[in-house]
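If you want the building blocks of each chain, they are given just below.
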Amino acid sequence: MNNTTWTSVSHFVLLGISTHQEEQILLFLLFLLMYTINISGNSVIIILIISTPHLQTPMYIFLSTLALADICFTSTTVPKMLQNIFSSTKAISYMGCLTQTYFFICFAAMENFLVAVMAYDRHIAICHPFRYCMILNRKLCSHLVVVCHILSHLHALLHTFLMSRLIFCADNRIPHFFRDLYPLMKISCSSTHLNTLMIHTEGVIVTKGALAIIMASYACIISAVLRSPSAKGKWRTFSTCGSHLTVVAIFYGTLPWVYFQPLASYSVARGRILTVMYRVVTPMLNPFTYSLRNKDVKGAFRKWMNRIWTSSFR
């Protein structure tokens, strides 16, 4: 396309998941419910960990950080999507798009790194139980969380900068509920080769690197469990990893299908469904995944509810 036919785009139109008017109310109520559950559930996890002294261990510090990342992760897109469902314009400014891109990439990467750190935490707890407090002390925990933040922001800055270099045609309609990478590259008039290359190299390194840490940690965990002489001890030890393995399966089961494929074969319809899974459904399920399978969290929650119940009827 000749440069003279390129136009400056000041805003984009987010078409959403469905363009059928009769489905708008149902979608609004469904996503509002999931967003409310996400915010409430993750907030309860954070409050419980902060207010319960015996939960202030490395495992739960990482869990509270993951819960905060989940809240921020969905808050970058879902409120705007809910607003656009009943909006006549469904518009988002160009700078608003870049800001949304930056934060959703940042918090997605944050979750990726935190899940890997939590696998390392389980590895130390199971393979080196007597040195757990010595290895994963408060200083190292703080450093790991800070490193997760730094790497996430650097990852987001790289891809946001690459997106800001793209030139767009007169058609500024994005068939998605937020400014995702592939749908935006689909409507770009300029070459997206560098963007795709970085997604398939740096993005793969970030994702597969975290996954490699998880797999190595669980290889050591399984080896330690198999060496345990007690069958009951094996199950009790490995059951502490059940919640984390569930999160890993859901997160890494959807993410590669959304981004790590050729741009030409990207399907907007399928991409929307998978994006909803890892952007909305997974953060909503995380609090239940950890609380329903964790007796410490359930016990802290019951005590917290009893305190609220007692104080409200005094």
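Here the structure is a predicted model, which is why all the values come from computation and not from measurement.

Chemist: Before we go on, may I ask you to explain a nonpolar patch on the surface in this structure?
Modeler: There is a patch of nonpolar side chains on the surface, built from Val-146, Val-147, Ile-150, Leu-151, Leu-154 and Leu-157 and spanning about 520 Å² of accessible area. Its place among the elements puts Leu-154 in helix H6 (residues 138-164).

Chemist: I tried to follow the packing of aromatic side chains on my own but got confused; where do I start?
Modeler: As enumerated under the stated definition, the model contains 2 aromatic pairs in all. Between the aromatic rings of Tyr-102 and Phe-103, the centroid separation amounts to 5.2 Å while the plane-to-plane angle is 85°, which identifies the pairing as edge-to-face. A relative accessible area of 16% means that Tyr-102 is categorised as buried. Residue class for Phe-103 comes out partly exposed when judged on its relative accessible area of 33%. Taken together, a centroid distance of 6.2 Å and an interplanar angle of 20° make the contact between Phe-103 and Phe-107 stacked. Placement of the pair is Phe-103 and Phe-107 together in helix H4 (residues 94-127), with a separation of 4 residues, close to one helical turn. Overall, Phe-107 belongs to the buried group, its relative accessible area being 14%. Put simply, the rings of Tyr-102, Phe-103 and Phe-107 touch in pairs and so form one group of aromatic residues.

Chemist: Help me understand helix H8 (residues 193-226), please; the structure alone is not making it clear to me.
Modeler: Along an α-helix, a turn takes 3.6 residues, which lines up residues three or four apart on a common side. For H8, built from 34 residues, the straight-helix expectation of 50 Å at 1.5 Å per residue is met to within 8% by its first-to-last C-alpha distance of 47 Å. Most pronounced at Val-204, the bend in H8 amounts to some 35°.

Chemist: Teacher, can you tell me more about the side chain of Glu-111 here?
Modeler: With respect to the helices and strands, Glu-111 occurs in helix H4. When near neighbours in sequence (up to four residues on either side) are disregarded, Glu-111 contacts Leu-66, Asp-70, Phe-73, Phe-251, Thr-282 and Asn-286.

Chemist: What am I meant to see in the environment of Leu-158 here?
Modeler: Looking at the secondary structure, you find Leu-158 in helix H6. With relative accessibility at 27%, the residue Leu-158 sits in the partly exposed group. Residues Leu-158 and Tyr-102, 56 residues apart in the sequence, show an inter-C-alpha distance of 9.1 Å. Sequence-distant contacts of Leu-158, defined by excluding residues within four places in its chain, comprise Met-198 and Glu-202.

Chemist: Help me out: how do you make sense of the nonpolar core in this one?
Modeler: A general tendency of soluble globular proteins is for nonpolar side chains to be buried together. Core analysis: the biggest nonpolar cluster contains 45 residues, and Tyr-60, Leu-63, Ile-214 and Tyr-252 have the highest contact counts within it. Secondary-structure elements contributing two or more residues to this core are helix H1 (21-51), helix H2 (58-75), H4, H6, H8, helix H10 (242-259) and helix H12 (295-312). Looking at which element gives the most residues to this core, the answer is H4, with 11 residues. Beyond its immediate chain neighbours, meaning those up to four positions away, Ile-214 contacts Val-115, Ala-116, Ala-119, Val-248 and Tyr-252.

Chemist: I'm lost on H6 in this one. Help?
Modeler: End to end, H6 covers 39 Å across 27 residues, agreeing with the expected 39 Å (1.5 Å per residue, within 8%). The set of residues buried in H6 consists of Cys-141, Val-145, Cys-148, Ser-152, His-155, Ala-156, His-159, Thr-160, Leu-162 and Met-163. Here the buried face of H6 lies against H2, H4, helix H7 (181-186) and H8. Capping of H6 at its N-terminal end is provided by Asn-137; its side-chain oxygen lies 3.2 Å from the backbone amide nitrogen of Lys-139.

Cut-offs and rules
- Residues numbered from 1 in each chain as written.
- Predicted model: local features only at pLDDT ≥ 70, side-chain atom pairs only at ≥ 80, totals over all residues.
- Heavy atoms only, no water.
- Patch = residues over 30% accessible without salt bridge, like charges linked within 9 Å, V, L, I, M, F, W, Y side chains within 5 Å.
- Areas by Shrake-Rupley, 256 points an atom, 1.4 Å probe, with all protein chains shown as cover.
- Salt bridge = Lys/Arg side-chain N within 4 Å of Asp/Glu carboxyl O.
- Helix = DSSP H or I, 4+ residues; strand = E, 2+ residues; numbered from the N terminus.
- Phe/Tyr/Trp six-rings, centres within 6.5 Å; stacked < 30°, edge-to-face > 60°.
- Buried < 20%, exposed > 50% of the residue type's maximum accessible area, 1.4 Å probe, protein only.
- Expected span 1.5 Å × (residues − 1).
- Bend = angle between axes of the 7 residues up to and from the residue.
- Contact = heavy atoms within 4.5 Å.
- Core = buried A, V, L, I, M, F, W, Y, C linked by side-chain atoms within 4.5 Å.
- Polar contact = N/O pair within 3.5 Å; in protein donor to acceptor, adjacent residues only side chain to side chain.

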